[in-house]
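Listed below are the residues making up each chain.
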Amino acid sequence: ALCHSNCKLQNLYLNDSNIGDDGAKCLADGLRHPGCKLLKLYIMGSSIGVTGAEALADMLRYDNRTLTRLNLQENPDIPPALVRKIDRL
């Protein structure tokens, strides 16, 4: 849905969804798509670890076109230093 040219979704709340690293990587892939217009993504407490957080960080660093807010708090497997690093991207 994030990649569809008619998608009007701007805010996505997936808090407490247990998407894990695989789900975070899928989201990162979708957010790379040129048609994605998502502005804010909230995935607090969703069982994301370092691998998923790094996939999202890479997307923000190299491919982000629209995302202005990414909230990864309350994912205890992500070191606080990595969360702060992502917040600065």
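This section reports on the structure supplied with the text. This is a predicted model, so every value here is computed, not measured.

1. Observations regarding the overall build of the protein chain
When you go through the protein chain residue by residue, the secondary structure sums to 3 helices and 3 strands. Relative to a compact globule of 89 residues, whose C-alpha radius of gyration would be 12 Å, the protein chain shows 12 Å and is just as compact. Counting only residues that meet the buried cut, the protein chain has 42% of its 89 residues in that class. Contacts spanning at least 24 positions in sequence make up 84% of the contacts within the protein chain whose residues lie at least 6 apart. Within the structure as shown, the protein chain displays about 5100 Å² of accessible surface, and the carbon and sulfur contribution to it stands at 50%. Separation of charge centres in the protein chain, based on 11 positive and 10 negative side chains, amounts to 10 Å.

2. Some points on the side chain of asparagine 75
Within the fold, asparagine 75 resides in the loop between strand S3 (69-71) and helix H3 (80-88). A polar contact of 2.8 Å, which involves the side chain of asparagine 75, links it to the backbone nitrogen of serine 46. Here the side chain of asparagine 75 touches isoleucine 48 through a polar contact of 3.1 Å, landing on its backbone nitrogen. Aside from chain neighbours lying at most four places away, what touches asparagine 75 is Ile43, Met44, Gly45, Ser46, Ser47 and Ile48.

3. Topic: the nonpolar core
The tendency in soluble globular proteins is for nonpolar side chains to be buried as a group. In terms of nonpolar packing, the biggest core is built from 24 residues, with Leu31, Leu41, Leu56, Leu70 and Leu72 touching the most fellow members. When residues of this core are traced back to their parent elements, those giving at least two are helix H1 (20-32), helix H2 (50-63) and H3. The greatest single-element share of this core, amounting to 6 residues, is contributed by H2. In contact with leucine 56, not counting residues within four places along its chain, are Ala24, Leu27, Ala28, Leu31, Ile43, Leu70 and Leu72.

4. Focus on the sheet that holds strand S2 (residues 40-42)
One open sheet holds the 3 strands; their spatial order is S1-S2-S3, and the pairing between them is parallel. Unpaired on one side and paired on the other, strand S1 (11-13) and S3 mark the two borders of the sheet. Ignoring strand direction, the axes of neighbouring strands in this sheet form an average angle of 0°. Here S1 pairs with S2 via 3 bridges, running parallel. In the sheet register, asparagine 11 faces S2, and the bridge partner there is lysine 40.

Criteria and thresholds
Residues numbered from 1 in each chain as written. Predicted model: local features only at pLDDT ≥ 70, side-chain atom pairs only at ≥ 80, totals over all residues. Heavy atoms only, no water. Helix = DSSP H or I, 4+ residues; strand = E, 2+ residues; numbered from the N terminus. Rg over C-alpha atoms; globule rule 2.2 N^0.38 Å. Buried < 20%, exposed > 50% of the residue type's maximum accessible area, 1.4 Å probe, protein only. Contact = heavy atoms within 4.5 Å. Areas by Shrake-Rupley, 256 points an atom, 1.4 Å probe, with all protein chains shown as cover. Lys, Arg positive; Asp, Glu negative; His and termini not counted. Charge placed at Lys NZ, Arg CZ, Asp CG, Glu CD. Polar contact = N/O pair within 3.5 Å; in protein donor to acceptor, adjacent residues only side chain to side chain. Core = buried A, V, L, I, M, F, W, Y, C linked by side-chain atoms within 4.5 Å. Pairing = 2+ DSSP bridges. Axes fitted to C-alpha atoms, helices over the stretch in contact; angles between N-to-C directions.

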